Amino acid sequence: FAVRYMPTISGTQTATVNIGGSNPASISLIGLGVDTRIAAMHNSENFDALTVPALPLGWRAYVSSSSTSAYVQSSTSNPFSSPNSVYLSNSSDATADLRLITPEILVAMNSFKLKLSARGSSTGYQLLIGTVGNADGSGVFTQIGVLDLTNVHTEYVVSFAGYAGTNRYIALKHGLGGTSRSIYIDDLRLEALLNNDLAVSELSGWGLGAVGESISYQVSVSNNGLITQNSYTIKLMAEDRRSELASLQVNTPLAPDATAVHSITWLPLSAASYNVYANVVLPNDGNPANDLSSPQTATVLPEGTYLPLVGDTEANTTANSLPINFYWKNSLSETIYLASELKMAVGNISGMAYKGSFVQDIGDKPIKIWIKNTSESDLSLGWSSFVGYTLVFDGTLNFPVGTNLINIPFIAPFTYGGANLALRISRPLDTEFFNLNNHFFYSETPDYPNRSRYIQSDSIVYDPLAPSAAGTLSNFIPFTVFQVDDAALATPQLSITQQGANLLLSWIAVPGALNYKIYASSSPLMLRDTPIAQTTELNYTLPISSAMFFKVVASSVAQ
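The model shown is predicted, which means the values in this text are computed figures rather than measured ones. (Residues numbered from 1 in each chain as written. Predicted model: local features only at pLDDT ≥ 70, side-chain atom pairs only at ≥ 80, totals over all residues. Heavy atoms only, no water.)

### Here we look at a nonpolar patch on the surface
Which entries qualify depends on this criterion: Patch membership needs two things, relative accessible area over 30% and no salt bridge, and members are linked within 9 Å if like-charged or within 5 Å if nonpolar (Val, Leu, Ile, Met, Phe, Trp, Tyr). Accessibility throughout is a Shrake-Rupley quantity obtained with a 1.4 Å probe, and a residue counts as covered only by protein chains that appear here. One side-chain nitrogen of Lys or Arg within 4 Å of one carboxyl oxygen of Asp or Glu is enough to make a salt bridge. By the criteria applied, helices consist of DSSP H or I runs no shorter than four residues and strands consist of E runs no shorter than two, each listed in order from the N terminus. Think of it in three bands: residues with accessible area under 20% of the maximum for their type are buried, residues over 50% are exposed, and the middle band is partly exposed, with areas taken using a 1.4 Å probe on protein chains only.
Among the surface-exposed residues, Tyr327, Trp328, Phe433 and Leu436 lie close enough to one another that they form a single nonpolar patch of about 370 Å² accessible area. Tracing the sequence through the fold places Tyr327 in the loop between strand E24 (317-319) and strand E25 (330-337). Its relative accessible area of 34% is what places Tyr327 among the partly exposed residues.

Given below as structure tokens:
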């Protein structure tokens, strides 16, 4: 006979046995199982290393329902971390009892807190957190907390510090409230309750800059501990170079369960590609495992590269429609960028970048991009004429999971002439489509609407040179950074006056300038490469020392 081994839960394994016939029989193999009990903190489960609809080894689904379509199972729908989540759906049964049960927990139940990401298919659903005494999830449900869900994945924290019962299993129970209600759960973590525990919960930033220009990141630090932390250090590190790029000392108290967002600035000195991450440093931190962020790619371009950014960087909205739609197999879009947003007279555009927020790694996808100078300021009359368009990219791109810049180098520099800019981007018909939640960041310009059009299909091949349908007119503008060489800005006209023991440098505003760099030297032939200051003002004061020569340079790159 043949035995096919299929592990299920701790202590008991099933095997399919064929004995001289075509119909398999199942037997139990006692004592051969992997021990799935939770015996130590910290413990996590993201439901990704399995084949849907299965649950991880040791986890159980308890379903008591009059509907055969009520489920507690893994799913590829609406994950927080790709590719899977757990899906609780009560279908037509408004009184169903649906529970997701953890493996048995051996540590003291009042010694940890539960973190998880959850959402409803609509806002207003509830997820109940509690315990049960039986491994199969049946029996009395003892409620610990209730989560009021929205239709967006949100992280929730439930402390078990006050639990005084004897149950050894956590149960996550559907809160019902109606029929056809779906709840999605992902990234569960059991973390020990510690006095000192700071965590980097997020690192965000454009990650694109030039030598001598500051690159800013925002680091979210969460206090997972039980006491207030009055001081700690945040470091920005280069993973591949094992070096510290920037450091920030924080002396503002951070209360338990609170999160603070800090800006940290890095001044790169050499052009290269970096993998950067944030590190929070706290003496006596009880959980070093959460002190680091995930690494992000940062690209530093040569000094003097101009990087005009189109879009509101404070906006945090995303969509899958622009500039590329991966939920469909074929997409085409077009956007008008205004001269007032590009803030330069002329320049050679050698590349660009979009900001993506992806739940899947999508690699080697063919993309085509065309650009042209145009007098059009919107697309309200339809797609722009293809006359004048230049193909600037024709190749494959990678779209990594998480929040990242998608850098796109051009085939050859495109000469920008100072007018508006039109850009058309095509994703040729593919053999597959991807998750709905693979998004790009965008913003809106209410004063200048109708700046984009997009169209998509699973079967129609839209000709990017002459689209056969009007598509959808949109006010959305995808966050876009252009890489410009030799961008022309006027030279500031500098005046110097003495004010007591100080010198006042002043100048007239330069169109398109976002800030100004001040250079100084004792010789006009040896002005230093690094500015002594950078300001958004039209003047700068410094003390009189010895004879000095000054130069002010207008910059279109934000500090």
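After that view of the structure, there is still more to cover.
### Focus on the environment of Ala164
Counting through the fold element by element, Ala164 comes out in the loop between strand E12 (154-159) and strand E13 (169-174). Overall, Ala164 belongs to the exposed group, its relative accessible area being 78%.

### Examining the confidence of the model for the protein chain
To keep things clear, this is the line we draw: pLDDT is a per-residue confidence score from the predictor, ranging from 0 to 100. In this analysis, two residues are considered to be in contact whenever any of their non-hydrogen atoms come within 4.5 Å of each other.
Per-residue confidence for the protein chain averages 88 on the pLDDT scale, and 91% of its residues sit at or above 70. Ranking the helices and strands of the protein chain by mean pLDDT puts E13 first, with 98, and strand E1 (residues 2-9) last, with 36. In the predicted structure, residues 1-32 sits below a pLDDT of 50 and forms 59 contacts with residues beyond four places in sequence or in another chain.

### Some words on the packing of aromatic side chains
Which entries qualify depends on this criterion: Each aromatic pair joins two rings of Phe, Tyr and Trp (for Trp, the six-membered one) with centres within 6.5 Å, and gets the label stacked for planes under 30 degrees apart, edge-to-face for over 60, and tilted for any other angle.
A full pass over the atoms with the stated rule returns 19 aromatic pairs. Ring centres of Phe326 and Phe434 lie 6.1 Å apart, and the angle between their planes is 70°; on these two criteria the pair is classed as edge-to-face. On the criterion of sequence distance, the pair formed by Phe326 in the loop between E24 and E25 and Phe434 in the loop between strand E30 (420-427) and strand E31 (439-444) is long-range, its members being 108 residues apart. You'll find Phe326 and Phe434 in the same group, each marked buried. Judged by centre distance (6.1 Å) and plane angle (15°), the rings of Phe441 and Phe479 are stacked.

### Points about the nonpolar core
Inclusion rule: Put simply, a nonpolar core is a bunch of buried Ala, Val, Leu, Ile, Met, Phe, Trp, Tyr and Cys residues held in one set by side-chain atoms that sit within 4.5 Å of each other.
The biggest cluster of nonpolar side chains holds 35 residues, and the ones touching the most others in it are Leu100, Leu116, Leu127, Ile170, Leu172 and Ile185. For this core, the secondary-structure elements that each account for two or more residues are strand E7 (85-89), strand E8 (97-101), strand E9 (112-120), strand E10 (126-132), E12, E13 and strand E14 (182-192). Ignoring sequence-local partners within four residues, the contact set of Leu172 consists of Leu88, Leu98, Arg99, Leu100, Leu116, Leu127, Leu128, Ile129, Ile185 and Leu188.

### Structural notes on the environment of Pro56
Locating Pro56 in the fold gives a position in the loop between strand E4 (43-45) and strand E5 (60-64). What makes Pro56 buried here is its relative accessible area of 11%. When the C-alpha positions of Pro56 and Thr36 are compared, they lie 9.6 Å apart, and in sequence the two are 20 residues distant.

### Overview of unusual backbone geometry
A cis geometry characterises the amide bond from Val52 onward to Pro53, with omega recorded as 10°. As for its placement among the helices and strands, Pro53 is situated in the loop between E4 and E5. Leu322 connects to Pro323 through a cis peptide bond whose omega is -5°. As for its placement among the helices and strands, Pro323 is situated in the loop between E24 and E25. Residue Asn78 is not a glycine yet carries a positive backbone phi of 50°. Of note in this structure, Lys343 is not a glycine but carries a positive phi near 55°. Looking at the element boundaries, Lys343 is found in the loop between helix H1 (339-342) and strand E26 (347-358).

### Remarks on the sheet that holds strand E39 (residues 533-535)
Our working definition: For two strands to pair, DSSP has to find at least two bridges joining them. Axes here mean lines fitted to C-alpha atoms, for a helix over just the part in contact, with angles spanning 0 to 180 degrees between N-to-C directions.
The strand order E39-E38-E41 describes an open sheet built from three strands, whose pairing is antiparallel. Strands with a single pairing partner mark the edges of an open sheet, and in this sheet they are E39 and strand E41 (549-555). With direction set aside, neighbouring strand axes in the sheet form an average angle of 20°. Summarising the sheet, strand E38 (residues 515-521) and E39 pair through three bridges and their orientation is antiparallel. By the bridge assignment for E39, Lys517 is matched with Gln534.

### Here's the deal with the side chain of Lys517
Let me state the cut-off plainly: Counting of polar contacts relies on pairs of N or O atoms within 3.5 Å, with two restrictions inside protein: one atom must be capable of donating a hydrogen and the other of accepting it, and residues adjacent in sequence are counted only when both atoms are side-chain atoms.
Summarising the element assignment, Lys517 is placed in strand E38. Reaching out from Lys517, the side chain makes a polar contact with the side chain of Glu213 at a distance of 2.3 Å. The contact partners of Lys517, leaving out residues within four places of it in the chain, are Gly212, Glu213, Pro531, Ala533, Gln534, Lys551, Val552, Val553 and Ser555.

### Comments concerning the pattern of salt bridges
Summed over all chains, the structure comprises 13 salt bridges. One salt bridge connects Arg451 with Glu341, and the closest N-O pair in it is separated by 2.7 Å. With Arg451 in the loop between E31 and strand E32 (452-457) and Glu341 in helix H1, the pair connects residues that are 110 residues apart, well separated along the chain. For the pair formed by Arg451 and Glu341, the shared burial category is buried. A salt bridge links Asp430 to Lys365, with the shortest nitrogen-to-oxygen separation between them at 2.9 Å. Taken together, the positions of Asp430 in the loop between E30 and E31 and Lys365 in strand E27 (residues 362-374) put the pair 65 residues apart, joining distant regions of the chain. For the residue pair Asp430 and Lys365, the accessibility class agrees, reading buried in each case.

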